[in-house]
Amino acid sequence: MSESQKKQEPTPINHTIFQGFEWNTPSKHWARLEKVLPSLQELGLSTVWIPPACKGANQQGTGYDIYDLYDLGEFDQKGGKATKWGTKEELLSLTKKAKELGVGIMFDAVLNHKAGADHKEKCRVVKVDPDQRDKDVTEPYEIEAWLGFDFPGRGDTYSKMKWHWEHFSGTDYDAGNDETAIYRIVGDNKHWSSSVADENGNADFLMFADVDYAHPEAQEDVLNWGKWVVKELGLSGFRFDAVQHFSQNFTNRFVAMLEEEFGKDKLFLVGEVWDGDGDRLTGWLETMVHKFSLFDAALVNNFSSMSKTEKADLRKVFDGTLTAKAPTKSVTVVQNHDTQLGQTVETPIEGFFKPLAHALILLRVDGYPAIFYGDLFGTKGEHPEPPSCGGQLADIILARTLYAYGEQNDYFNEANCIGWVRRGTWDKPDGCAVVMSNADPGQIRMFVGKEHVGETWTDVLGWSQDNVKIDEEGFGEFNCPGVSMSIYVNEKAEGRNKFGKFDDDIYKGEKLE
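Residues numbered from 1 in each chain as written. Predicted model: local features only at pLDDT ≥ 70, side-chain atom pairs only at ≥ 80, totals over all residues. Heavy atoms only, no water.

Visitor: Mind showing me how you'd approach the overall build of the chain here?
Guide: When its secondary structure is counted, the chain shows 12 helices and 25 strands. The C-alpha radius of gyration computed for the chain amounts to 25 Å, which stays within 12% of the reference 24 Å derived for 513 residues, consistent with globular compactness. When the 513 residues of the chain are sorted by exposure, 58% land in the buried category. When contacts within the chain are restricted to residue pairs at least 6 apart in sequence, long-range pairs at least 24 apart make up 69% of them. Per element, the accessible surface of the chain, about 20,700 Å² overall, is 46% carbon and sulfur. Here the chain holds 55 positive side-chain charges and 83 negative ones, and the gap between their average locations is 4 Å. (Helix = DSSP H or I, 4+ residues; strand = E, 2+ residues; numbered from the N terminus. Rg over C-alpha atoms; globule rule 2.2 N^0.38 Å. Buried < 20%, exposed > 50% of the residue type's maximum accessible area, 1.4 Å probe, protein only. Contact = heavy atoms within 4.5 Å. Areas by Shrake-Rupley, 256 points an atom, 1.4 Å probe, with all protein chains shown as cover. Lys, Arg positive; Asp, Glu negative; His and termini not counted. Charge placed at Lys NZ, Arg CZ, Asp CG, Glu CD.)

Visitor: Please clarify how helix α7 (residues 297–307) should be interpreted in this entry.
Guide: Side chains that are three or four residues apart share a direction in an α-helix, a result of its 3.6 residues per turn. Of all 11 residues making up α7, 9 are buried, and the element is well covered by its neighbours. Along α7, the residues classified as buried are Ala297, Ala298, Leu299, Val300, Asn302, Phe303, Ser304, Met306 and Ser307. As for α7, its buried residues are in contact with α6 (278–286), β15 (293–295), α8 (322–325), β16 (330–332) and α9 (354–362). Measuring from the side-chain oxygen of the N-cap residue of α7 to the backbone nitrogen of Ala298 gives 3.3 Å; that N-cap residue is Asp296. (Polar contact = N/O pair within 3.5 Å; in protein donor to acceptor, adjacent residues only side chain to side chain.)

Visitor: For this particular structure, what's the right way to read the sheet that holds strand β13 (residues 237–240)?
Guide: Hydrogen bonding along the main chain pairs the strands of a sheet, whether they run parallel or antiparallel. Pairing within the closed barrel is parallel, and its 8 strands lie in the order β1-β2-β5-β13-β14-β15-β16-β17. The average angle at which neighbouring strand axes cross in this sheet is 30°, direction not considered. As paired strands, strand β2 (residues 47–50) and strand β5 (residues 104–109) are joined by 4 bridges and run parallel to one another. Its bridge partner lying in β5, Ile50 is registered against Phe107. (Pairing = 2+ DSSP bridges. Axes fitted to C-alpha atoms, helices over the stretch in contact; angles between N-to-C directions.)

Visitor: Before we go on, may I ask you to explain the pairing of strand β19 (residues 417–422) in this structure?
Guide: As a general feature of sheets, a regular strand has side chains that alternate between the two faces. Among the 6 residues that make up β19, 6 are buried, leaving the element largely enclosed by the rest of the structure. With burial as the criterion, each face of β19 is covered, one bearing Cys417, Gly419 and Val421 and the other bearing Ile418, Trp420 and Arg422. With 4 bridges connecting them, strand β18 (residues 408–411) and β19 associate as antiparallel partners. Bridging across to β19, Asp410 finds its partner in Trp420. Hairpin connection, β18 to β19: the antiparallel pair is bridged by 5 residues.

Visitor: How should helix α4 (residues 216–233) be read in this particular structure?
Guide: Between its terminal C-alpha atoms α4 stretches 26 Å, which fits the 26 Å expected from 18 residues at 1.5 Å a residue. Within α4 the residues assigned to the buried category are Ala218, Gln219, Asp221, Val222, Leu223, Trp225, Gly226, Trp228, Val229, Val230 and Leu233. Where α4 is buried, its residues meet α3 (88–101), β5, β12 (209–211), β13 and α5 (248–262). Phi for Gly234, located one or two positions after α4, is positive at around 65°. (Expected span 1.5 Å × (residues − 1).)

Visitor: What should I look at first to understand the packing of aromatic side chains in this one?
Guide: Two measures describe an aromatic ring pair: the distance that separates the ring centres and the angle between the ring planes. For the coordinates displayed, the defined rule picks out 35 aromatic pairs. Ring centres of Tyr67 and Phe151 lie 5.3 Å apart, and the angle between their planes is 65°; on these two criteria the pair is classed as edge-to-face. Within this pair, whereas Tyr67 is found in strand β4 (residues 66–68), its partner Phe151 is found in the loop between β9 (141–148) and β10 (168–174), the two being separated by 84 residues in sequence. With respect to class, Tyr67 is no different from Phe151; both count as buried. Ring pairing ties together the aromatic residues Phe107, Tyr213, Trp225, Phe238, Phe240, Phe246, Phe250, Phe254, Trp284 and Phe292, which thus form one cluster. It is Lys78 that lies over the ring of Tyr67; its NZ or CZ is 4.7 Å from the centre. One cation-aromatic arrangement involves Arg364 over Trp420; the distance from NZ or CZ to the ring centre is 4.9 Å. (Phe/Tyr/Trp six-rings, centres within 6.5 Å; stacked < 30°, edge-to-face > 60°. Lys NZ or Arg CZ within 6 Å of the ring centre and 35° of its normal.)

Visitor: Mind showing me how you'd approach unusual backbone geometry here?
Guide: Trans is the prevailing form of peptide bonds, just as negative phi is the prevailing case for residues other than glycine. The phi torsion at Lys78 lies on the positive side, around 55°, for a residue other than glycine. Of note, Lys78 is situated in the loop between β4 and α3. With relative accessibility at 23%, the residue Lys78 sits in the partly exposed group.

Visitor: For this particular structure, what's the right way to read the side chain of Thr16?
Guide: Mapped onto the fold, Thr16 is located in the loop between α1 (3–7) and β1 (17–19). When residues no more than four places from it in sequence are discounted, the contact partners of Thr16 are Gly44, Leu45, Ser46, Thr47, Leu362, Tyr368, Pro369, Ile371 and Arg400.

Visitor: Whenever I open this one, the sheet that holds strand β20 (residues 432–437) confuses me. Can you help?
Guide: Judged by pairing direction, the sheet is antiparallel, and its 6 strands sit side by side in the order β18-β19-β20-β25-β22-β23 without closing on themselves. Of all the strands in the sheet, just β18 and β23 (468–469) have a single pairing partner and so form its edges. Against the sheet, α9 contacts β19, β20 and β25 (484–490), and its axis sits at roughly 145° relative to β20.

Visitor: How should the environment of Asp136 be read in this particular structure?
Guide: Within the secondary structure, Asp136 sits in strand β8 (residues 132–136). A residue is classified by how much of its surface remains accessible, and Asp136, at 38% relative accessible area, is partly exposed. In sequence terms Asp136 and Val126 are 10 residues apart; their C-alpha atoms lie 6.3 Å from each other. In this structure, Asp136 is in contact with Val126, Lys127, Val128 and Arg184, ignoring residues within four places of it in sequence. Polar side-chain contacts of Asp136 include one of 2.9 Å to the side chain of Arg184.

Listed below in structure tokens is the structure:
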């Protein structure tokens, strides 16, 4: 190593989020995740996004049907002590193991609503038009609704706050006459939030008992929970569920509290605004006064559309996306629990396209990739799917961890065969060359650097059998099989012996059952 190199800062390792669940993941999941955590860390998955760990409305509730923020599987409520995912002791064991391995834990925060109330309360409401929720369709009248939360199993532990009708802005069920509708609760300072998305006129109401963040007691309890849960679990970040459905003013206050309590940039924060319009995503981010990211829903839509379009123009894959417009605030995904088959925003991507999509989020400069549990391990339920990428997604992730560093040179000249080169850095010099096709086999001449003259580069996936000799000008002729992709690296690059071995390491013969 030269003296100039010694003075340079080491290149940071590429970070990758792992969404550690799918919609149909079986119960007792904390123990399952802890078992596989060392193999995930070895792949380079640096943060695990865990499902909502709070007690749901019943023991099989996923946590999106949130009942008690402060019950992480500790109290005998809603049918038992454990959540669907396990007990608090098992959760703490998982987070302890993650800390030992240097893996972050990102908590799925469900702050929009509450479910599974302990008793009914009377309140005054107006019924609203479900398609235009800022339009009242009745005069105020009284209903009986499930809006009383006493948390009898937990009592006053961690929080003395009890929730009543005045802490909510809306509900969807009148227990007095067994009627389902969307009801806006009326009273002093009661209204839908104005700092939410404008879908259906006003997007404040999503489901269950809708939290009213205009109420100071509701604000303070959730803010206190945020401090408490970070300390309790040693969190590295939050994923905010349905963030466009509750007060963005409160979200800003929540983030400000986290920065004041834990320091700026200490926690990674990403919100779910499932909107395929990249301009609306960037517009939402512009109203956040603190550092915040969003999932790139527009890119997922592009992946889906391209996978169903014969000979789609691959050069346009990032058109209109958050990654193109605000790359440092974009969390890139191929699939998640909401977009998988049978779910609310089902966005199917044809199997042949998934390796291409994963290469586009994992091996390029822009965006912060999040890998879905179902793509790595497969999904269950009524629409089961096998692991994507022919079971070799782990190898694409490993290629990111080892080689996707340095300057990026694009070769986006042909509609159906594109490529790029990552040139490496002073301390991670290997780099990589990626080619992909959604039609016929193709070939791209790409410059990898004169420092690689004479080297032989091969595909770490083994999907191309070509040996590419780097010529004396630093170029190689990189071939791509039809409707496929390849990741070429020097055959003697550091870590080449690790590829193709993670199936045994991860599954351990028990497929995470």
